[in-house]
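Geometric and topological summary
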Amino acid sequence: MILLENINYPYCRTNPKRGVTYKSMSSSFAKSGRLDAEYYQPKYDRLSTYLSGFPCSTIGELTSIQKSVEPGSDAYQDNGIPFVRVQDLSKFGITETDVHLSEKDYATVIRPKKDTILLSKDGSVGIAYKVEEDMNCITSGAILHITVKDNNVLPDYLALVLNSIIVKMQAERDAGGSIIQHWKPSEIENVVVPVLPIQIQTKLSKIIQQSFALRKESKQLLQDARSLVENEISNNQCI
């Protein structure tokens, strides 16, 4: 919501009625290769029109994208390098996984690096998390590693945009039309994001970092409280 407020996006608080869109063959199938009606809903045109009022770039222009591996369940083991799947990923971080891969067999596979943005492209598409520090784990092939290469965009800001309705609508449009959602890397490269002035990006990035710090602190306090309660119960049982 904080991003939408900064660009004054008008459709985040309302649900406009679905209307009718008329497209010629040259402006539809010949351009996108899609014939499914869901792809041409008016809300996507409204989004495109609104974003045209801001300096914008595509993900492909701003970043480099790397794919990881999909070893298959036969490679899963109890020990080794943690293997992170989409179900283990959220915009707040990575949860502990009980699936591991052989360190020897997957020694050269890419690992998440500091400031890399992990983005899910299959199943629950569009989940983005900016890595805070280098991690010794391997992500599934359903999670892309996105590295910012343009100095005009900050990683925290880009992660914020990727998790916003602005990108989620584009993911919904691209990945729709199938039972299991699949967002193609070629489609992700063409996702349009607003590039706000660096001063605003810096301000938003500081707010995000403070939010994550407070979230981490609250989790630690909760853990400390749980430990105190467990110790108190244990001590009372021993009396």
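As a reminder, the structure under discussion sits directly above these lines.
Described in the following lines is the structure provided in the data block. Sequence order sets the numbering: in each chain, residues are counted from 1 along the sequence as written. Local features are withheld for residues below a pLDDT of 70 in this predicted model, meaning they are given only at 70 or higher, and side-chain atom pairs are given and counted only at 80 or more; totals for whole chains, interfaces and linings count all residues. Note that water and hydrogens are dropped before the side-chain values are worked out from all heavy atoms of the structure.

1. Some remarks on the side chain of Asp156
Comment: elements are numbered from the N terminus, with helices defined as DSSP H or I runs of at least four residues and strands as E runs of at least two. On the secondary structure map, Asp156 appears in helix α5 (residues 155-162). For Asp156, a relative accessible area of 8% translates into the label buried. Here Lys130 takes part through its side chain, which lies 3.3 Å from a polar atom of the side chain of Asp156. Only heavy atoms enter the contact rule, under which two residues are in contact if any of them lie within 4.5 Å. Residues within four places of Asp156 in sequence aside, it is in contact with Lys130, Ser205, Ile208 and Gln209. For the exposure calls, accessible area comes from a 1.4 Å probe over protein chains only, and a residue counts as buried if that area is under 20% of its type's maximum, exposed if over 50%, partly exposed in between. Here a polar contact is taken to be a pair of N or O atoms separated by no more than 3.5 Å, where protein atoms must pair a possible hydrogen donor with a possible acceptor and residues adjacent in sequence count only if both atoms sit in side chains.

2. A word on the packing of helix α3 (residues 42-51) against helix α6 (residues 165-175)
To get an axis, fit a line to the C-alpha atoms, keeping to the stretch in contact for a helix; angles then go from 0 to 180 degrees between the N-to-C directions. Following both chains from N to C, one finds α3 and α6 inclined at 140 degrees, their axes separated by 11 Å at the closest point. As summarised for this structure, α3 and α6 are arranged oblique, according to the angle between their axes. Considering how the two elements wind past one another, α3 and α6 form a crossing that is left-handed. In contact with Lys43, Tyr44, Leu47 and Leu51 of α3, α6 contributes Ile166, Met169, Gln170, Glu172 and Arg173. Orientation categories follow fixed angle ranges, with anything under 35 degrees roughly parallel, anything over 145 roughly antiparallel, 65 to 115 roughly perpendicular, and all other angles oblique. Here a crossing is taken to be left-handed if its near helix is turned anticlockwise relative to the far helix by less than a right angle, and right-handed if that turn runs clockwise.

3. A few points about the sheet that holds strand β10 (residues 143-148)
With respect to topology, four strands assemble into an open sheet ordered β2-β10-β7-β8, the strand pairing being antiparallel. Each edge of the open sheet is held by one strand with a lone partner, namely β2 (63-67) and β8 (128-130). With strand direction ignored, the average angle separating the axes of adjacent strands in the sheet is 25 degrees. We treat two strands as partners when DSSP finds at least two bridges between them. Bridge count between strand β7 (residues 117-120) and β10: four bridges; the pairing is antiparallel. Looking at β10, one finds that Ile117 is bridged to Ile146.

4. Observations regarding the pattern of salt bridges
When a carboxyl oxygen of Asp or Glu lies within 4 Å of a side-chain nitrogen of Lys or Arg, that pair is called a salt bridge. Under the defined criterion, the tally for this structure stands at eight salt bridges. When the shortest N-O distance is used, the salt bridge between Asp115 and Lys114 registers 3.7 Å. Note that Arg173 and Asp174 form a salt bridge whose closest N and O atoms lie 3.1 Å from each other. Judged by relative accessible area, Asp174 falls into the buried class, the value being 7%. Salt bridges linked by common partners bring Lys114, Asp115, Lys130, Glu132 and Asp156 together as one network.

5. Comments concerning the environment of Thr147
By the element assignment, Thr147 lies in strand β10. With 30 residues separating them along the chain, Thr147 and Ile117 place their C-alpha atoms 6.4 Å apart.

6. Brief notes about the sheet that holds strand β9 (residues 138-139)
Within the open sheet, the three strands sit side by side as β6-β3-β9. Their pairing is mixed. The two strands at the open ends of the sheet, each matched to only one other strand, are β6 (100-101) and β9. Here strand β3 (residues 81-84) runs beside β9; their pairing, made up of two bridges, is parallel. By the bridge assignment, Phe83 is partnered in β9 with Ile138.

7. Topic: the packing of aromatic side chains
Only rings of Phe, Tyr and Trp enter the pairing, Trp through its six-membered ring, and a pair is recorded when the two centres are within 6.5 Å. The plane angle decides the type: under 30 degrees is stacked, over 60 is edge-to-face, the rest tilted. Considering all chains together, one arrives at two aromatic pairs under this definition. Between the aromatic rings of Tyr50 and Phe54, the centroid separation amounts to 5.6 Å while the plane-to-plane angle is 50 degrees, which identifies the pairing as tilted.

8. Here we look at the pairing of β7
In β7, alternate side chains face the same way, and those of Ile117 and Leu119 on one face and Leu118 and Ser120 on the other are all buried. Across three bridges, the pairing between β7 and β8 is antiparallel. Note that in β8 the partner of Ile117 across the bridge is Lys130.

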